[in-house]
Structure formats: structure tokens, C-alpha cells
Amino acid sequence: MIDIFGAAGSLCAPINPHITGTLKGSTGSVTNDDFSVTPQYTTATVEIEVQAVSSQDLQQVENINQQADMRSVYVRGAVRALNRPLQIGGDILTFYGSDWLVTQQLEEWGNGEWSKVLVTRQMPTTS
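Below is a short write-up of the structure. (Residues numbered from 1 in each chain as written. Predicted model: local features only at pLDDT ≥ 70, side-chain atom pairs only at ≥ 80, totals over all residues. Heavy atoms only, no water.)

### Some thoughts on the sheet that holds strand E1 (residues 19-31)
The condition is simple: Two strands pair if DSSP finds at least two bridges between them. Strands here are runs of E lasting at least two residues and helices are runs of H or I lasting at least four, both read from the DSSP assignment and numbered beginning at the N terminus. To obtain an axis, a line is fitted to C-alpha atoms, over the contacting stretch when the element is a helix, and the angle between two such axes runs from 0 to 180 degrees between their N-to-C directions.
The sheet built from 6 strands closes into a barrel, its strands ordered E1-E2-E3-E6-E5-E4 with antiparallel pairing. Taken pair by pair, the neighbouring strands of this sheet meet at an average axis angle of 45°, ignoring direction. One ladder, built from 7 bridges, connects strand E3 (residues 70-76) with strand E6 (residues 114-121); its direction is antiparallel. Residue pairing across strands places Arg71 opposite Val119, the latter belonging to E6.

### As for the nonpolar core
Selection rule: Nonpolar cores were defined as sets of buried Ala, Val, Leu, Ile, Met, Phe, Trp, Tyr and Cys residues, with membership established by side-chain atoms within 4.5 Å. Working definition: with a 1.4 Å probe on protein chains only, accessible area under 20% of the residue-type maximum means buried, over 50% means exposed, and in between means partly exposed.
By size, the foremost hydrophobic cluster in this structure holds 14 residues, and its most contacted members are Ile48, Val73, Leu93, Phe95, Val117 and Val119. Contributing elements (two or more residues each) for this core: strand E2 (37-51), E3, strand E4 (92-95), strand E5 (98-109) and E6. When residues in this core are grouped by element, the largest group, 3 residues, is from E2.

### Brief notes about the pattern of salt bridges
Keep this limit in mind: Whenever a carboxyl oxygen of Asp or Glu lies within 4 Å of a side-chain nitrogen of Lys or Arg, that contact is scored as a salt bridge.
For the structure shown, the criterion picks out 4 salt bridges. Of the charged contacts, one joins Asp69 and Arg121 as a salt bridge, the two residues approaching to 2.7 Å between their closest N and O atoms. In this pair, Asp69 is assigned in the loop between helix H2 (55-61) and E3 and Arg121 in strand E6, connecting sequence segments 52 residues apart. Residue classification places Asp69 among the partly exposed positions, given a relative accessible area of 28%. For Arg121, a relative accessible area of 32% gives the class partly exposed. Note that Arg80 and Glu108 form a salt bridge whose closest N and O atoms lie 3.2 Å from each other. Remark: Glu108 occurs in strand E5 and Arg80 occurs in the loop between E3 and E4; sequence separation between them is 28 residues. Three or more residues are tied together by salt bridges with common partners; here these are Asp69, Arg71 and Arg121.

Below, the structure written as C-alpha cells:
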């Protein structure tokens, strides 16, 4: 099997090297005694390539006037945006010192070998 993610990464590395991030993969949620819902995650270290969002990606998600801080991220493995009908997704990537919610899966190659996702920076929580 050809490692396309690795091959493409080695070609892009001189210009835009991969970085290490943390993937918080959604495993569902629990309902608390007060009926609030707390999301549950499993955590893994992942290798990612972060890029600016292209106009083609924005057209694909129909967010041309989007004001949020967004990036396109290539990541080894399957990463999912929130899909309420299927009750999956809501994954979060952590890089550049921030949490980034996976808001749209733009591409997936192979059997979950790599994904291209659109992420949106989340506001830091205050205590």
C-alpha cells in the first residue's frame, strides 16, 4: 500500500512541514444529574499539516463571508465533523496553542488513511 500522506508530506515539508497536534475524537456524551450534557473524548497524538483555507474550500462549505478563524488541516486517519443525525463526530484538534473544532470533512482518502478537514478556532474557556 502506498503512503500518500507521507509522500505528499515529504514533498511539502520544505515549505510547510507537518506539526504534531492532539486529536480529541468524540466518543459520545453523558447526561449529568442536572440534565446538562458533557461530551466525552479519546485523545491521541497526530501528525498534521495546517494550511490557510482556500477559496475552493470556502465555496464547498458555502461560507464565503465567514468571519471565524479557520484552517484546512490534513491529518493521518479518519477525523469527523459533527453529524447530529448519525450521532458521530464533533472531533477537536489542538495545535498552535488552541482547540480547533472540526466543522467540515472536506476529503477522506482510502479506508480512513487520511482526511482533509475544515477547522474553526474555539474561544478559550474561562474559569
